[in-house]
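# Secondary and tertiary structure notes
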Amino acid sequence: MLIHWTEQSLRMDEIEERRCRNEPDPDNHKHGLPIHLLSGVYTARKESLLHSFYRIVYRARSRSQRRRIYATFVFISCLLFLLIFTQQQNSIDTVDTSYSEADKEGARGFDEPHKAAELKLLQNGANDEEFGDDGGEDLKPDLAPPIIHYLWCGQKKFEFRHYLSIKRANYIIKPDKIFFHYLDMPLIDNEQYYTWFNQTRFENDHILLKKLNATWCPQEGAERYMLVLSILEYFGGIYIPEDALVVDFPIHLRAVQFMSGVVAKSLSVYSEGVIVAKKNGFISPSSQNGLNIVLASGRSAAQGTIEPCGSIEHYNKEGEDDCICVLVKDEIFPSSIWDLQTNFGILSRLSAYGVQSVEPNFSKKTTIPKIAHYICWDCELKFGAFLSILSALNVAGLSKVYVHGIKPPSGMWWKILQETGRVIHVYREYPEMSHERGAMTQELAQGIMRMTILLKYGGVYCDSKVIWTNQIPDELFGYEAVASPDWRVYGSWPDSVSHTSMMAKKNSEYLYRLRNLHKKKRLESFWFVDQFLAYKILEQSPTVLKFDRHFQVKCLSHNCHPTWHANYKTSLVENMPGPAFDWFNETLSVYWDVFPEVELDTVKYTSGPIVDAARRVLQKSGISLQVLNIR
């Protein structure tokens, strides 16, 4: 290509010289074109940058001159390329930095897509636009310090609502410190449910415990707010009631000297609210009259006002228009807010989980395998286990059953199952040692094997005492894990988890957490970890498990406990019978822990729900009682 352009450059130079001398071009006369037309065409090309470059190259008579020209051209081209690339990279870096800041904001524990739910709640007072929109509003001088104050009075438990209050305030206000003023620390129950205070401290390393230098910590009345104001005068910052959820907190509230949402309703009754004050921004009162004057001074129309905290009922009715905070006077649990379709339900889910709605993880792209897993301990297979395996195949609708153990089961019932070609023994060692090489109980070993098997293969785990009464709906196979509640009451625990039957995908997050929990709490009783501490996993991350109350009903000593009825929990010692239920329409399975176990003669000669369920299993399996009797 270089030779072509060099020859072309030479040709144009010759034409230019002939044109200046008015001499004809012999090569072009045969085309019948005048020399001035041809020269006009080439003159236009000559003006191009590329043509000029090649003309310079041609006029360089020596090879070394041409090399220097080539080198100069390459150097200039590289320099221009680097300059353009650097400018583009700077623009890209600018965009990346903006997204990085957004990511940092989202890393505080909440999802950015749900910030639309954080609506503007306060219309009076200074305008936030005065502070600019560059994200540095709290960098303005002369603001009340970003310190949150909680006053904990009385000997009581730190409940879930208190946990929500601190977590919500920490997210909305983003304080430098949270001062927890106390006279007595929160109580801890023997059953280890009320661990919300420990979790709060674990999640926030900027919480500082401040023991009060007083002999009395009032929970209400004028004395309480006089104590609050003395704290704010000394430290400055923001007082938030211990059981209040902050809805919104504009930065401009910290610009005023003193602002109070606490209102005196009578001489001894006050409406709870937020108080904002600068350090030494006022003089704390020493009497009730002085308190009322100071509180009133924090509600002047010139600086704007904030309303007292509203009730849940008021917030559900009025929404966010006039509420800066919502009081939660009664105890709530995480399960209380999972499906609550109100304004408060949305606010509480945003406070706890950072999302407006909470749903178990579901995907049809990968489903739970339609296989059942049993663990063989006493390898002499009994009639009850025989019924359970048949029900998994022919009632629940699973394709295969894998029986895990050191050696294959034996006995007549195992031989019948082998004839189906759908029941397979899998060699698997039992766990043998626990913490500090102590002997491992069968209960603990079975629990560890259950988690290991489901993590590795996925599928449906079944205890040998489980009888399936209905086909498992296809929808359940799309969830990451499925289990049902247990019925045992224990202290203040609102619920517990039963793992006698459960479904899970391979590498389920719930099972990973459960396995780590057993490792961490290996000195605790297995039943406590497996039923109650496992429920804490669900409270903290309700998306990892489908908690299905109709998945299974557990029966102990002929007393069954359907968990979808109210007041279904009872103590293990009392074992009060639960309400009657429809075995074949209201549950998928029944865990029958009854002595004596179900035998063939029981099915042949007695009656009752468990007998009806067993006969139904045999009928769907194409096995008659007469044939079994002959065998």
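Conventions and cut-offs
Residues numbered from 1 in each chain as written. Predicted model: local features only at pLDDT ≥ 70, side-chain atom pairs only at ≥ 80, totals over all residues. Heavy atoms only, no water. Phe/Tyr/Trp six-rings, centres within 6.5 Å; stacked < 30°, edge-to-face > 60°. Helix = DSSP H or I, 4+ residues; strand = E, 2+ residues; numbered from the N terminus. Buried < 20%, exposed > 50% of the residue type's maximum accessible area, 1.4 Å probe, protein only. Lys NZ or Arg CZ within 6 Å of the ring centre and 35° of its normal. Salt bridge = Lys/Arg side-chain N within 4 Å of Asp/Glu carboxyl O. pLDDT = per-residue confidence, 0-100. Contact = heavy atoms within 4.5 Å. Pairing = 2+ DSSP bridges. Axes fitted to C-alpha atoms, helices over the stretch in contact; angles between N-to-C directions. Parallel < 35°, antiparallel > 145°, perpendicular 65-115°, else oblique. Nonpolar A, V, L, I, M, F, W, Y, C, P; charged D, E, K, R; others polar.

Considering all chains together, one arrives at 34 aromatic pairs under this definition. Seen from their ring centres, F180 and F197 are 4.9 Å apart, and the 45° between their planes marks the pair as tilted. Separated by 17 residues along the polypeptide, F180 in strand 2 (residues 177-182) and F197 in helix 7 (residues 196-203) bring together distant segments of the chain. By relative accessible area, F180 is classed as buried at 2%. Lying over the aromatic face of Y461, R450 brings its terminal NZ or CZ to 5.7 Å of the ring centre. Over the ring of Y193 we find K536; its NZ or CZ atom is 4.2 Å from the centre of that ring.

On inspection of all chains with the given rule, the structure shows 13 salt bridges. Connected through shared salt-bridge partners, E159, R161, D243 and K329 make up one network.

We now examine the confidence of the model for the chain. When the pLDDT values of the chain are averaged, the result is 84; 79% of them are 70 or greater. Considering only residues more than four positions removed or in separate chains, one finds that residues 27-47, a stretch of pLDDT under 50, has 21 contacts.

Turning to the sheet that holds strand 20 (residues 559-561), a few remarks are in order. Strand order in the open sheet formed by 4 strands is 15-21-19-20, and the pairing between neighbours is mixed. Looking at the sheet topology across the chains shown, the edges are occupied by strand 15 (466-468) and strand 20. Across the sheet, the mean angle from the axis of one strand to that of its neighbour is 25°, orientation sign disregarded. As judged from the 3 bridges shared by strand 15 and strand 21 (residues 589-593), these two strands associate in the antiparallel manner. Across the sheet, W468 pairs through a bridge with S589, a residue of strand 21.

Let's shift gears to the packing of helix 6 (residues 160-173) against helix 12 (residues 343-353). Viewed as axis vectors pointing N to C, helix 6 and helix 12 meet at an angle of 75°, and their least axial separation amounts to 9 Å. The orientation of helix 6 with respect to helix 12, classified from their angle, is roughly perpendicular. Across the interface between the two elements, F160, L164, K167 and R168 from helix 6 touch L347, S348, L350, S351 and A352 from helix 12. Here the contact of helix 6 with helix 12 is built from residues that sort into 5 nonpolar, 2 polar and 2 charged.

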